[in-house]
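Inside the fold
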Amino acid sequence: MNSIASAVIALSGLGLIFGAVLAWVSKKFHVFVDPRITKVTELLPGINCGACGLAGCAGLAEAVVNKETELAVCVACSPENKKEIAAVLGVSAGDMARSNTLAAIIGCGGGTRCKNKFEYQGLKDCRVAALTIGAHKECRYSCLEQGTCIEACPFGAITMQPEGVPKVILERCVGCKKCVSVCPRRIIYMVERKKKDVYINCQSRDKGAQVMKKCKVGCIACGKCVKACPVNAIAIENNLAQIDYKKCINCKKCVAVCPTKAIALR
Amino acid sequence: MNGLNAAMKTFPGGKHIEGHKQLTRNEPICAMPLPAQVIIPLSQHTGSICEPLVKKGDKVKAGTKIGQGNGVVSSTVHASVSGTVNNISDYNHPVLGSCPAVIIDSDGKDENDAQVKERSGIAELSKEELLAIIKDSGIVGLGGAAFPTQVKLNPPRPVDTLIINGVECEPYLTCDFRLMLERTNELLQGIQLIQKIVNVQKVFIGIEEDKQEAVLQLRNRIMEKKRRFEVVALKAKYPQGAEKQLIKAVVGREVPPGKLPFDVGVIVVNVGTAVAVYEAVCLGKPLYERIVTVTGRIVKKPANLKVRLGTRFSDIIAFCEGTKEPLGKIIMGGPMMGLAQFTDDVPVIKGTSGILMLAKDEIKDFTETPCIRCGRCVNVCPVRMLPYALSLCVESKSFEQALQYNPRDCMECGACAYVCPAKRRIVESIRLIKAVVK
């Protein structure tokens, strides 16, 4: 009985002493953390894509609260959340709420419709495939189908289509350009996301006859789209149609006339 | 026999690989009949691509210059047969996949260009004149990397040692071995010319022990001619033919990472290149043919052929009467660093040391399994890297982390992948890292 009592007393005594020390230490060595940083971190997307160039979303939150950078650098955050962040920081929504207006487009419809030179059996990465005797596709501008952009996308916004080429899901794409930077063929480009649905689904600068030999869906530079466009927004440069999105009115007439379906809708 | 039985020189790491050289080592070099058409790619070397000097319909002769490169690191290309330029267009290329090429229809006469004639007064030629001849003759390193020889022989700082590379460590290949046996005198004259250009006293010829005949013959011939070249017999080990490994094996100097052989005062030249230098300087003959080993268990008539550059693989295979069994793979070069081809409609280029044909059952299945950290790759790596660590970095996509393992030191010899019991794609992983972090 006695021994139990002494043990309880000793332990509670120790507990009290340690508790007092800890309470004193936590006051004495307190580090002030701006509560706004935690709030802003919560409002940011939290996928740490790194597109802002800072160490993840927490790094960006700290930088934004300390006014070291603008929230506009975050391409992933939705406009609503940006407004809330502006409210937390007590600044006007204006600039802060401006979100990225660009979205990625994968400019190749090849895949199974573009001929292979040989079967690629190496490491499943486009960057290695590109180094293997000039890659396995007949067309030297085509997608290499190993899905490196899909892996690189932090938002799961790219999926593989049954035709063997990846496609960007517009609603999920935030325009961080990660996919653009990993593509060895440089066929991913950025286009205004609003309203403009048409895009050139080919990057081949080869002459029409050569393209036809290699690929069923390549741009053969026939010029039908140029004639069909009511606002002269399409021009052929280096055997490839180019859309001037400033002029494009999204009438989709070019899609209808394209004989190889190299102009597509997203 | 002195030296052959003594403790053999070699480099640390590496691995002895079954050579399969008996298939062709006793086949004398034989000249292949002229092909009906040759395809001369305008890029056959390291450096800038050549501009064509001829146009469709032009008449050319063997040795006519048809392409000239701009810039310091570049070379020239020559017609390899006499005939008419059929076209200049993109054509299959064994390394680049596709490349602009001059296609020449042979007229069967095999006339030489007027410039191809024996040169007199060679002893009076200065270093600059010799280098100009080498550049004009389109000579590049014939070991495989095809680096322009005039650039290599003109290092930015003086060197004291010349090493002639007769190692031929790639399995199957025997073209350098036959060359050393059959063209010993030309080789020695070529070495003397190179020695004069780089102005060195010490000349070594590195040969692996499994080519004893070549070692002995060269030693005898050197004694007869009273030259001061030293033939060094090396322990047979892959990749001894790599420049930096050969330097370590022969003179014991180590080339630091990111540096080149001349930084340690050495220049390494392949035996084929030395003979080409002799032919260019003394006979005035540009580099338009080379020796190619055509080999493989299934080849009906394996051979060492003297082939005109631009000859299609299919013509050569037909000359060797095809294969006994269905073909599984055609490889340009040896099985370790060679490149598998997707078609036999590719031309022989300056770097084509061999054409290896494998049957379906000789091609191993490549199912990658997890790394078991056995460390065999670390033991064999000739540049003392940690190949497994790099392949794990690729698996976890941590390319930044991979930088601490110095991926750029890797020369992609493939010894790590060869010994890997888990069949991991280590070389490809390292190539990926190099491409990502460049």
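Reading guide: rules and limits
Throughout, a residue's number is its position along its own chain's written sequence, starting from 1. Chain A is the first chain written and ligand 1 is the first ligand written, with later ones labelled in order. Whole-chain, interface and lining totals are the exception, using all residues; otherwise, since this is a predicted model, local features are given only for residues with pLDDT of at least 70 and side-chain atom pairs are given and counted only at 80 or more. A pair of strands is treated as paired once DSSP finds two or more bridges between them. Secondary structure follows DSSP: runs of H or I at least 4 residues long count as helices, runs of E at least 2 residues long count as strands, and numbering of each begins at the N terminus. Throughout, the edges of the domains are those of an automatic or database domain assignment. In this count, Pro and Cys sit with the nonpolar residues alongside Ala, Val, Leu, Ile, Met, Phe, Trp and Tyr, while Asp, Glu, Lys and Arg are called charged and the others, Gly among them, polar. Placing a C-beta atom from the backbone of each residue, one calls two residues in contact when those atoms lie within 7 Å. Angular values range over 0 to 180 degrees, each being the angle between N-to-C directions of two axes fitted as lines to C-alpha atoms, with helices fitted over their stretch in contact. Oblique is the label for any angle not covered by the other classes, which are roughly parallel (under 35 degrees), roughly antiparallel (over 145) and roughly perpendicular (65 to 115). Under the definition applied here, buried Ala, Val, Leu, Ile, Met, Phe, Trp, Tyr and Cys residues are grouped into a nonpolar core through C-beta atoms within 7 Å. Counting other C-beta atoms within 10 Å of each residue's C-beta, where C-beta atoms are placed from the backbone, gives the exposure class: buried for 20 or more, exposed for 12 or fewer, partly exposed between. By convention, the crossing between two helices is left-handed when the near helix turns anticlockwise from the far helix through less than a right angle, and right-handed when the turn is clockwise.

A few points about the sheet that holds strand 7 (residues 83-93) of chain B
Residues and elements named next belong to chain B. On the basis of which strands lie adjacent, the open sheet formed by four strands has the order 2-8-7-4 and antiparallel pairing. Unpaired on one side and paired on the other, strand 2 (37-41) and strand 4 (59-60) mark the two borders of the sheet. Bridge analysis of strand 2 against strand 8 (residues 97-106) gives five bridges, and the strand direction is antiparallel. Bridge pairing in strand 8 links isoleucine 40 to valine 102.

Looking at the domain arrangement of chain A
Residue and element names in this part refer to chain A. Along its sequence, chain A is organised into domain 1 (36-96) and domain 2 (102-265). For domain 1 versus domain 2, the distance between C-alpha centres works out to 33 Å. In the side of domain 1 that touches domain 2, the residues fall into five nonpolar, no polar and no charged.

So, the domain arrangement of chain B
Residues and elements named next belong to chain B. Assigned domains of chain B: these are domain 1 (1-10 + 21-27 + 112-363) and domain 2 (376-436). Centre-to-centre, using C-alpha coordinates, domain 1 lies 28 Å away from domain 2. With eight residues of domain 1 in contact, the opposing surface of domain 2 contributes nine residues. When its residues are assigned to classes, the side of domain 1 that touches domain 2 shows six nonpolar, two polar and no charged.

Regarding the packing of helix 4 (residues 184-198) of chain B against helix 7 (residues 271-282) of chain B
Residue and element names in this part refer to chain B. At their nearest, the axes of helix 4 and helix 7 sit 7 Å apart, and the two run at 80° to each other. Considering their axes alone, helix 4 and helix 7 lie roughly perpendicular with respect to each other. Each of Glu186, Leu187, Gln189, Gly190, Ile191, Leu193 and Ile194 in helix 4 lies in contact with helix 7, whose residues at this interface are Val271, Ala274, Val275, Val277, Tyr278, Val281 and Cys282. Of the residues that constitute the contact of helix 4 with helix 7, the class distribution is 11 nonpolar, two polar and one charged.

Re the sheet that holds strand 3 (residues 50-52) of chain B
All names here are of chain B. The strand order 3-5-6 describes an open sheet built from three strands, whose pairing is antiparallel. Two strands lie at the open edges of the sheet, namely strand 3 and strand 6 (76-78), each paired on one side alone. On average, each strand axis in the sheet is tilted by 25° relative to the strand beside it, whichever way the strands run. Note: strand 3 against strand 5 (residues 65-69), three bridges, orientation antiparallel. Within strand 5, the position partnered with cysteine 50 by the bridge is glycine 69.

A short note on the interface of chain A and chain B
With 13 residues of chain A in contact, the opposing surface of chain B contributes 14 residues. Looking at the side of chain A that touches chain B, its residues break down into six nonpolar, three polar and four charged.

Some remarks on the nonpolar core
By size, the foremost hydrophobic cluster in this structure holds 189 residues, and its most contacted members are B:Ile40, B:Ile164, B:Ile194, B:Ala274 and B:Val277. Look past the residues within four positions of B:Val277 in its chain and what remains in contact with it is B:Ile134, B:Ile139, B:Thr149, B:Gly190, B:Leu193 and B:Ile194.

Focus on helix 13 (residues 426-436) of chain B
Note: α-helices contain 3.6 residues per turn, so residues at a spacing of three or four share the same orientation. With nine of 11 residues buried, helix 13 of chain B lies mostly within the body of the structure. For helix 13 of chain B, the full list of buried residues reads B:Ile426, B:Val427, B:Glu428, B:Ser429, B:Ile430, B:Arg431, B:Leu432, B:Ile433 and B:Val436. Structurally, helix 13 of chain B contributes buried residues whose contacts are with helix 6 (126-129) of chain A together with helix 9 (376-380), helix 10 (387-395), helix 11 (399-402) and helix 12 (415-419) of chain B.

Details of the pairing of strand 10 (residues 202-208) of chain B
Residues and elements named next belong to chain B. When you tally the buried positions in strand 10, you get six out of seven residues, the bulk of the element. Both strand 9 (residues 161-165) and strand 10 contribute to a ladder of five bridges, which runs parallel. Within the sheet, the bridge partner assigned to asparagine 165 lies in strand 10 and is glycine 206. Bridging between strand 10 and strand 11 (residues 229-234) involves six bridges; their strand directions are parallel.

Description of the packing of helix 2 (residues 35-43) of chain A against helix 3 (residues 56-65) of chain A
Residue and element names in this part refer to chain A. Look at helix 2 against helix 3: their axes get within 8 Å of each other, and the N-to-C directions meet at 130°. Relative to helix 3, the element helix 2 is oriented oblique. The interaxial crossing formed by helix 2 with helix 3 has right-handed handedness. Between helix 2 and helix 3, the residues in contact are Arg36, Ile37, Val40 and Thr41 and Cys57, Ala58, Ala61, Glu62, Val64 and Val65, respectively. A per-class count over the contact of helix 2 with helix 3 returns seven nonpolar, one polar and two charged.

Observations regarding the pairing of strand 5 of chain B
The two faces of a sheet get side chains in turn, since along a regular strand they alternate between them. Residues and elements named next belong to chain B. The sheet contact formed by strand 5 and strand 6 spans three bridges and is antiparallel. Bridging across to strand 6, glutamine 68 finds its partner in threonine 76. Counted along the chain from strand 5 to the antiparallel partner strand 6, the turn is six residues long, and its residue glycine 71 has a positive phi close to 90°.

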